[in-house]
Amino acid sequence: MPPKNKGGSTKAKEAEVKQQSSPQQPPKEPQVIREIEWQQYWATNPVHQIVEEKGFNHLNPADRRTYLNLELLRSTAHIDDLSKKSQREFWKQLSDANAPLRSALRPRDDQWGRDRNGRDIGDYTPEEYAAYTRKKSRISELDLESTFFRRDRERAHWKTKNPLTGEIYAITEDDIKSERERRQELTALRSELYGAKMSTYANDPEWDDVVPIPQEEPEGALAAIAYADDYAEADTVYVAAMAYLRAVMVLKEHSPRCLQLTEHIIEMNPAHYTVWLYRFEIVRALNMPIPDEIEWLNDVSLEHLKNYQIWHHRQQLLDHYYPNMQSDENAVAALAASELEFLADILEKDTKNYHVWSYRQYLVRKLGLWDLEDEMRTIELLISQDVRNNSAWSHRFFLVFDNPHQSTPGSHSTEYDSKVPADVIDREISYGQEKIELAPQNQSPWNYLRGVLVKGGKPLGTVREFAETFITALGEGEDKEEVRSSHALDLLADIYKEAGEKDKADLCLRRLGEKWDRIREAYWEYRRRMLEE
Amino acid sequence: MLYTVSAVQILALVDAFDDLETRGTGKLKVAQFMAGLQDREKGTFAGDEWGEEDTRFLYGALNALSLLDMLHLVDVDKAVKHVAACANFDGGYGVNPGDESHSGQIFTCVAALTIAKRQDLIDVDRLAGWLAERQLPNGGLNGRPEKDEDVCYSWWVLSSLSMIGRTHWIDREKLIGFILRCQDVENGGISDRPGNMVDVWHTLFGLTGLSLLGYPGLDDIDPVYCLPKSTIERVMQGIA
């Protein structure tokens, strides 16, 4: 604000001259608010400018007096100490000097502060600064509205009456919705202005009653986790969500909002053990429809193929669900169908996924799918697609030899079971042989064949002729000898041993070590020694 | 369970069982926690109070409890019976009875039976034959038939073979060569297979594998506990 100037004062004239002269020596047009503030300061403190620029001694006596009077003016307490007469003189002098009584304060270097990027706000352009202050006022405004929301909600909680209308305060869904939007705007503004971060949950009025429990490292922990000060955005969200999870778990709250919280955390970290277990508790407590939960789980499973927790969760769901629907045959059939369909989807992505096969066995046991034709057909299809899929072979063995309708309960995989029907044994021997023909150097069906013979209590010699078809002219010279499968040689060694034909057995083992499976030479040598015992 | 087992192993490694008594909750309490996770009917162990069961947990419990000399708190016979039921027609062991044979699971089952002094239940030659089949022409070992090789199986397969005294059934030089090819020769560490990113997991199992193969300059490793032999000797002496 330019000083009032009624003429008379030398100082004021000088100031005027200075202002008039400015067009000639190109005035620096203020670019940023720091310059504007300084300009205002100089403009309203002309005497001070001389002192600061040239020194006190350059003032004429009248200005010196004005300068001192102005300094005195800045501490009114000292003026009160003056006698009435001196006070009158003081004001007269000031009036005569025509000095601006309302003057800007001298800017301090640190008065503007820095924004979240470390930039000095003093370096803002007027436009930037205006936008900045506008946002600041918006924050205050939103903050205040938010306070009102909380106050009204508190009133609603205690069923307080509005003294004017006589009605009980109420909070509507719309109020909550507006509050949520308000907080989102607040968070965005605070983040923009100050870099402050608020979690999704702190933003949500529905979570206001929960006090998050942050992760605490025990003092002097041996292996404290060195969290970086500047978390990546995703980490911040996760850490905040976890703090809310801890809080609701302590309270043992089992509500829809907690279910959503677990979903959010599982999305970010599906390997988190505890959150799955908590989720199951919620599902149970809320008596949720299990098929819905399974459907949700299907999507998560397809995204995280190698995760242990999803499969345990699935088992828990089934264990919980099955007893209540067991008696409804159609429901069980529908469940089996949808589960098998899902397993087919997931096996398409990874045909040897251990978790999936393990769960498949659990499912067969649980729902009693032993004699389900589809199940056997699916396995045959998988084996025909990839005859080397050992997981599928293993499952077939399980389906046939653990089937309670045609086996002894608890019979080990490695022992004879008299309860298995002879036609089943014959069928499986043929099946194994048929698949061996497709890929003779594939160990899975060879192992399978041996397993079937043991289960059926049959001598290995049962398949002697079959195995011999893979070998031609053994030991009759490199050019004549042909071995289509080292596994056949391996089995033949045992078959000959069983039949007491030691020399033939020894030849098989020797040729394995010498030529057909040299990497395991020591093993074959050991087997040769065992022939002698 | 898994964290508790790791904690006991680390305490064993740094000879700090006494501190567990003076500064911690005491080994009895730790052992009681693990013992509480056994299903007394089936003999299995759960991973925690919510009950996911797996031979990994059973092995972990026997591992830590034997180090603490607290095996008497659990029903070892029932546990043994469960492990025996996990044996498969092909000679291997799976996660649960009937599950496909898997090298990692074989390690847990064989080690559990070794701790329980019940190796007599293993069909040694059949199992070792299956394990020896895990070596591929490039020297590396896989975890299941027709799967790819991976350095971590150097440990699961080799330690199992070592426990039943059959490490010589695989080609030592070829496996050493494979593990060494998995090294990052510039920055150190070992990866799952040549040219991949190294990590602590595969570095550990590469090194312990080399140790079992008698590679020069490495301390002897105990195949049951995956801890230095000297550590196990010290702990077991304290028990005896």
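In this text the structure is predicted, and so the values were computed from the model without any measurement. (Residues numbered from 1 in each chain as written. Chains lettered and ligands numbered in written order. Predicted model: local features only at pLDDT ≥ 70, side-chain atom pairs only at ≥ 80, totals over all residues. Heavy atoms only, no water.)

(A) Region of the structure containing the overall build of chain A. From N to C terminus, chain A includes 23 helices and 2 strands. What you see for chain A is a C-alpha radius of gyration of 44 Å, clearly larger than the 24 Å of a compact globule of 533 residues, by over 25%. Seen through its principal axes, chain A has C-alpha atoms that stretch 140 × 75 × 45 Å. The buried share among the 533 residues of chain A stands at 43%. Considering only residue pairs separated by 6 or more positions, chain A has 62% of its internal contacts joining residues 24 or more positions apart. Working note: accessible area of chain A is about 29,900 Å², and carbon and sulfur atoms make up 51% of it. Here chain A contributes 72 positively and 94 negatively charged side chains, and the mean placements of these two sets differ by 9 Å. (Helix = DSSP H or I, 4+ residues; strand = E, 2+ residues; numbered from the N terminus. Rg over C-alpha atoms; globule rule 2.2 N^0.38 Å. Buried < 20%, exposed > 50% of the residue type's maximum accessible area, 1.4 Å probe, protein only. Contact = heavy atoms within 4.5 Å. Areas by Shrake-Rupley, 256 points an atom, 1.4 Å probe, with all protein chains shown as cover. Lys, Arg positive; Asp, Glu negative; His and termini not counted. Charge placed at Lys NZ, Arg CZ, Asp CG, Glu CD.)

(B) Geometry of the overall build of chain B. In terms of helices and strands, chain B carries 11 helices and 4 strands. Rg of the C-alpha trace for chain B: 18 Å, near the compact-globule value of 18 Å for 240 residues, within the 12% margin. With respect to the principal axes defined by its C-alpha atoms, chain B has extents near 45 × 40 × 35 Å. A buried classification covers 57% of the 240 residues belonging to chain B. When the accessible area of chain B is evaluated, it comes to approximately 10,100 Å², of which 53% is carbon and sulfur surface. Considering chain B, the positive charge centre built from 21 side chains and the negative charge centre built from 35 side chains are found 3 Å apart.

(C) Broad picture of the pattern of salt bridges. By the definition in use, this model includes 57 salt bridges over all chains. As a salt-bridge pair, A:Arg450 and A:Asp494 come within 2.9 Å of each other at their nearest N and O atoms. In this pair, A:Arg450 is assigned in helix H19 (residues 443-455) and A:Asp494 in helix H21 (residues 486-498), connecting sequence segments 44 residues apart. An identical accessibility class is assigned to A:Arg450 and A:Asp494; each is buried. The partner of B:Glu100 in a salt bridge is B:Arg144, with the nearest N and O atoms 3.0 Å apart. Of this pair, B:Glu100 sits in the loop between helix H5 (76-85) and helix H6 (103-115) while B:Arg144 sits in the loop between helix H7 (124-132) and helix H8 (152-163), and the two are 44 residues apart along the sequence. According to the relative accessible area criterion, B:Glu100 is buried, its value standing at 5%. By relative accessible area, B:Arg144 is classed as buried at 6%. (Salt bridge = Lys/Arg side-chain N within 4 Å of Asp/Glu carboxyl O.)

(D) How the structure looks around the packing of aromatic side chains. Counted by the stated rule, this structure contains 34 aromatic pairs over all chains. For the ring pair A:Trp446 and A:Phe470, a centre distance of 5.5 Å and an interplane angle of 75° mean the geometry is edge-to-face. With A:Trp446 in helix H19 and A:Phe470 in the loop between helix H20 (464-468) and strand S1 (471-472), this pair connects stretches of sequence that are 24 residues apart. You'll find A:Trp446 and A:Phe470 in the same group, each marked buried. Grouping aromatic residues by their ring pairs yields a cluster made of A:Trp393, A:Phe397, A:Phe401, A:Tyr431, A:Tyr448 and B:Phe89. The ring of A:Trp207 carries A:Arg257 above its face, with NZ or CZ at 4.6 Å from the centroid. Its guanidinium or amino end placed over the ring of A:Trp296, A:Arg279 lies 3.6 Å from that ring's centre, counting from NZ or CZ. (Phe/Tyr/Trp six-rings, centres within 6.5 Å; stacked < 30°, edge-to-face > 60°. Lys NZ or Arg CZ within 6 Å of the ring centre and 35° of its normal.)

(E) Quick look at the confidence of the model for chain A. Residues and elements named next belong to chain A. Here chain A shows a mean pLDDT of 86. Residues at 70 or above account for 90%. Averaged pLDDT values over the elements of chain A bottom out at 45 in helix H1 (residues 10-21) and peak at 97 in H20. For the stretch residues 1-24, pLDDT sits under 50, and the model shows 23 contacts to residues farther than four places along the chain or on other chains. (pLDDT = per-residue confidence, 0-100.)

(F) The interface of chain B and chain A, seen in detail. Tallying the contact residues gives 41 residues for chain B and 36 residues for chain A. Counting the contacts that link chain B with chain A gives 2 salt bridges. Notably, a salt bridge pairs B:Glu133 with A:Arg520, separated by 3.9 Å at the nearest N-O pair. Joining chain B to chain A, the criterion identifies 19 residue pairs in polar contact (both at pLDDT 80 or more). Elements that contribute at least two residues to the side of chain B that touches chain A include exactly H5 and H7 of chain B. Ranked by residues supplied to the side of chain B that touches chain A, first place goes to H7(B) with 5 residues. The residue makeup of the side of chain B that touches chain A, split by class, is 14 nonpolar, 10 polar and 17 charged. (Polar contact = N/O pair within 3.5 Å; in protein donor to acceptor, adjacent residues only side chain to side chain. Nonpolar A, V, L, I, M, F, W, Y, C, P; charged D, E, K, R; others polar.)

(G) Up close: the confidence of the model for chain B. Per-residue confidence for chain B gives a mean pLDDT of 92, with 99% of residues at or over 70. Interface confidence for the predicted complex, expressed as ipTM, amounts to 0.84; the pTM equals 0.74.

(H) Quick look at the packing of helix H14 (residues 329-349) of chain A against helix H15 (residues 354-367) of chain A. Residue and element names in this part refer to chain A. The N-to-C vectors of H14 and H15 enclose an angle of 170°; their axes lie 11 Å apart at closest approach. When the interaxial angle is binned, H14 and H15 end up roughly antiparallel. The handedness of the crossing between H14 and H15 is left-handed. Taking contact as the criterion, the partners of Leu335, Ala336, Glu339, Leu340, Leu343, Ile346 and Leu347 in H14 are, on H15, Val356, Trp357, Tyr359, Arg360, Leu363 and Leu367. (Axes fitted to C-alpha atoms, helices over the stretch in contact; angles between N-to-C directions. Parallel < 35°, antiparallel > 145°, perpendicular 65-115°, else oblique. Left-handed = near helix turned anticlockwise from the far one by under 90°.)

(I) Layout of H21(A). All names here are of chain A. The terminal C-alpha atoms of H21 lie 19 Å apart, and with 13 residues this matches the ideal 18 Å at 1.5 Å per residue to within 8%. Among the 13 residues of H21, 11 are classified as buried, and the element is accordingly described as predominantly covered. Residues of H21 that are buried include every one of Ser486, His487, Ala488, Leu489, Asp490, Leu491, Leu492, Ala493, Asp494, Ile495 and Tyr496, and no others. As for H21, its buried residues are in contact with H19, H20, S1, strand S2 (482-483), helix H22 (502-516) and helix H23 (521-532). Where H21 starts, the residue carrying a side-chain oxygen 3.2 Å from the main-chain nitrogen of His487 turns out to be Ser485. Trailing H21 by a residue or two, Gly500 shows a phi angle of about 80°, which is positive. (Expected span 1.5 Å × (residues − 1).)

(J) Broad picture of the environment of A:Phe280. Residues and elements named next belong to chain A. Relative to the assigned elements, Phe280 resides in helix H11 (residues 273-285). Under the relative-accessibility criterion, Phe280 is labelled buried at 6%. It is 45 Å that separates the C-alpha atoms of Phe280 and Gly457, two residues lying 177 residues apart in sequence.

(K) Just a nonpolar patch on the surface, in detail. All names here are of chain A. A cluster of nonpolar side chains, Ile213, Val250 and Leu251, forms an exposed patch at the surface whose accessible area comes to about 290 Å². Structurally, Leu251 is set in the loop between helix H9 (233-250) and helix H10 (256-268). What makes Leu251 exposed here is its relative accessible area of 58%. (Patch = residues over 30% accessible without salt bridge, like charges linked within 9 Å, V, L, I, M, F, W, Y side chains within 5 Å.)

(L) Spatial organisation of the nonpolar core. Counting 175 residues, the largest nonpolar core has A:Leu261, A:Leu343, B:Leu67, B:Leu68 and B:Tyr93 as its most contacted members. Excluding residues within four positions of it along the chain, A:Leu343 makes contact with A:Trp311, A:Val356, A:Tyr359, A:Arg360 and A:Leu363. In this structure, A:Ile33, A:Tyr124, A:Leu186 and A:Leu193 belong to the second largest nonpolar core, which totals 10 residues. (Core = buried A, V, L, I, M, F, W, Y, C linked by side-chain atoms within 4.5 Å.)

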